[in-house]
Structure formats: C-alpha cells, structure tokens
Amino acid sequence: MRLLLLGATGQVGHELRRSLAPLGTVVCAARSGQLADGGACEVADFDQPQGLPALVARIAPDVVVNAAAYTAVDAAENDRAAAFRANADAPQALADACAKRGALLVHYSTDYVFDGSGSRPYREDDPTAPLGVYGASKLAGEHAVRGSGASHMVFRTAWVYASHGRNFLRTMLRLAGERDELRVVADQVGTPTPAALIADVTAAALRAPPASGLWHLTARGHTTWHGFAAEIVRQAHAAGRLQRVPAVVPITTAEFPTPAARPAYSCLDVSRLQRDLDIALPAWDDALASAVAAMPR
C-alpha cells in the first residue's frame, strides 16, 4: 500500500507515522516541508489548496490520510477565510484528486459540528449546528469529502491530546509544576481522546476498509475539562511525574470567556465504529494512563 500522509507534523500526524508504517510506504507531507526530527518531507500548504491535486498526482497514492487542519478555534472567528481554505477548500481539492485516481481518502472532523444542546452522546446522523467558524469550516469539509464521489472514511473526534506537542495534557502538567492552584472549566462535557488511539484505529480500519462512511472516533465515557485536569494531575503524581499536587478548582465557562463559543455537551456515540470495525475502544481515563506512560521523562 502506498499512503500519502498530510499534516505529518501535527499531534495525530505524528502518531499516524508510527501506526501506518506497517501498512506500506508512507510519504509524509507538511506545510513546512520538514518533519519534527529535522528530516525533509513533501510540502503541502493547506492555505493554498489549488496545489494539492498536483501533489496527489505526483505521489500516486492508494490512500490519502488527511491529518492537516486549521485548528485555532478562537482565531478562526476573525479569520474565516483561512479556516475555510484549510478545512473546506483543501479537503475538497484532495477529495476530487482522490476520486480522479481511485484513491481512498481518510479525513478527520470534530465534535464542534454540534451545538452542544444534546443530553445523550451524538450519533453520526444527528443534526449538526456548529456554534462558530471552526466548526462550520470542518462541517463544510465533511460535506465536500462525502459529496465528492471519492472512496472515503471520515472520522469525527474530540478533545484530542498527545504525549507530545502543544495540548491540554502537557499544558496542565506544566502549570501543575508551576502553580499551587489550577482553575479549570467544569461545565463543558466531552471525551478526551489521545492522538495515538485515533492513529491506531485508522490503521486498523485501513487493513480492511469498510464501505465509505462517517464514524465517531473517541475514547469511551465522558468528563469535564476540570475532571480531565484533575485526573491528569492524579495520574501524573502517581507515576512520579509530579512532585506535588496542586488544587484543581472548578470554574464556569462564563469565568473563562473565549472569542469562540464551545459546545457545552459534545460526547460522541462510538457504537457504529465499534460495530463496523469490530474494535473495543478504551475508557478515557485508561487511555490517559497510556498517554502519561508514553511521555518522555
């Protein structure tokens, strides 16, 4: 299998380099043309979507895995054009290129396509209603891929973090080492999901690809950002990665205002994915334990 991995330097892309390697030849691409280890890779600038079809034609992959995106949720409110170029126009260009050569496209979306007014985990066919520009741009990307005629697998995920890069896990650990108190939002509910899990499920799906479709891909269960932070601190201290345990204080969303509104409830129902791929997803706190253990000391 020949795979083109876009966004190879991001959190999910970094893990996909590992998980996809056993499947065949992985050609990595990133906006900078350089991998995190300093090695060179293909250039894929999602701010210039018109250049992406030529890359797909030149690499001639069997599978394109798109882990690149504009993910600056708050900045997107003032930069709608850039968010839509990366999250809608670029996936459209990739999907059209994949349809032309008969390649499979793997694409990732977000829980932010929902407005958070639900009271049970969202299913794939539930109505979407993004609250902000980021969610709207990702939803447009979904529609572009699913309507392109290309073979595709679209995975919606949520609250992504990793043992590397810039994310909530690493930020909380840094702040926990610096402060006596962490104040964290406690009225937004979702499911923390490690990038490694997303990458592993993607690789499993590619070993025996199902028919084109949309699936929800997160860990199981739910918590709040406050609950997530408290569990990070607890597990890191138990693993000897924190010398002391700061107080983790719950606050409301109103006490931590942001330019973009976040869904108050964005748990995703993963039943379809577990059934279709015959895979058991871990509970979110068990997945966190694996991520903490994988962090460099």
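Being a predicted model, the structure only gives us computed values, none of them experimental.

This part takes up the side chain of K138. As for its position among the elements, K138 is in helix α4 (residues 133-146). Those residues in contact with K138, other than ones at most four positions away along the chain, are A69, N87, H107, Y108, S109 and T110.

This part covers helix α1 (residues 11-20). Along α1, the residues that are buried comprise V12, G13, E15, L16, S19 and L20. For α1, the angular spread of the buried residues around the axis is 165 degrees, confining them to a single face. Those residues of α1 hidden inside the fold are in contact with β1 (2-6), β2 (25-30), β4 (63-66), β5 (104-110), β7 (160-161) and α6 (195-207).

Packing of helix α5 (residues 168-178) against helix α7 (residues 225-238) brings their axes to within 10 Å, and their N-to-C directions diverge by 65 degrees. Handedness of the α5/α7 crossing: right-handed. Where α5 approaches α7, its residues F168, L169, M172, L173 and A176 are matched on the opposing element by W225, F228, A229, I232, V233 and A236. Residue classes in the contact of α5 with α7 are distributed as 11 nonpolar, no polar and no charged.

Within a sheet, neighbouring strands are paired by backbone hydrogen bonds and run either parallel or antiparallel to one another. The sheet built from 7 strands is open, its strands ordered β3-β2-β1-β4-β5-β6-β11 with parallel pairing. Of all the strands in the sheet, the pair left with one neighbour each is β3 (42-43) and β11 (213-216). With 2 bridges connecting them, β2 and β3 associate as parallel partners. If you follow A30 over to β3, its bridge partner there is V43. Sheet contacts for α1: β1, β2, β4 and β5; angle to β1, the most-contacted strand, approximately 165 degrees.

Turning our attention to the packing of helix α2 (residues 52-59) against helix α3 (residues 80-101). For the pair α2 and α3, interaxial distance at closest approach is 8 Å and the crossing angle is 35 degrees. Judged by the twist between their axes, the crossing of α2 over α3 is right-handed. Within the contact between the two elements, α2 uses L52, P53 and V56 and α3 uses A90, A93, L94, A97 and R101. Along the lines of polarity and charge, the residues of the contact of α2 with α3 split into 7 nonpolar, no polar and 1 charged.

We now examine the nonpolar core. Core analysis: the largest hydrophobic core is formed by 67 residues, its most contacted members being V65, F155, L169 and L206. In terms of residues, this core owes the most to one element, α6, which gives 8 residues. Once residues within four sequence positions are removed from consideration, F155 is found in contact with V106, H107, Y108, S109, T202, A205, W215, L217 and L273. Core analysis: the next-biggest nonpolar cluster, separate from the first, contains 35 residues, V73, C98, V133 and A150 among them.

Attention shifts here to the state of the cysteines. Per the stated rule, a full pass over the model turns up 0 disulfides. The thiol sulfur of C41 is not disulfide-bonded, and the nearest other cysteine sulfur, from C28, lies at 6.5 Å. Its relative accessible area of 16% is what places C41 among the buried residues. Looking at the unpaired C98, the closest cysteine sulfur is the one in C28, lying at 16 Å.

Its identity is not glycine, yet W159 carries a phi of approximately 45 degrees, on the positive side. With respect to the secondary-structure elements, W159 resides in the loop between β6 (151-157) and β7. Exposure remark for W159: the relative accessible area of 8% places this residue in the buried category. With a phi angle near 50 degrees, D278 is a residue other than glycine that sits in the positive phi range.

Criteria and thresholds
Residues numbered from 1 in each chain as written. Predicted model: local features only at pLDDT ≥ 70, side-chain atom pairs only at ≥ 80, totals over all residues. Heavy atoms only, no water. Helix = DSSP H or I, 4+ residues; strand = E, 2+ residues; numbered from the N terminus. Contact = heavy atoms within 4.5 Å. Buried < 20%, exposed > 50% of the residue type's maximum accessible area, 1.4 Å probe, protein only. Arc of directions from axis to C-beta. Axes fitted to C-alpha atoms, helices over the stretch in contact; angles between N-to-C directions. Left-handed = near helix turned anticlockwise from the far one by under 90°. Nonpolar A, V, L, I, M, F, W, Y, C, P; charged D, E, K, R; others polar. Pairing = 2+ DSSP bridges. Core = buried A, V, L, I, M, F, W, Y, C linked by side-chain atoms within 4.5 Å. Disulfide = S-S within 2.5 Å.

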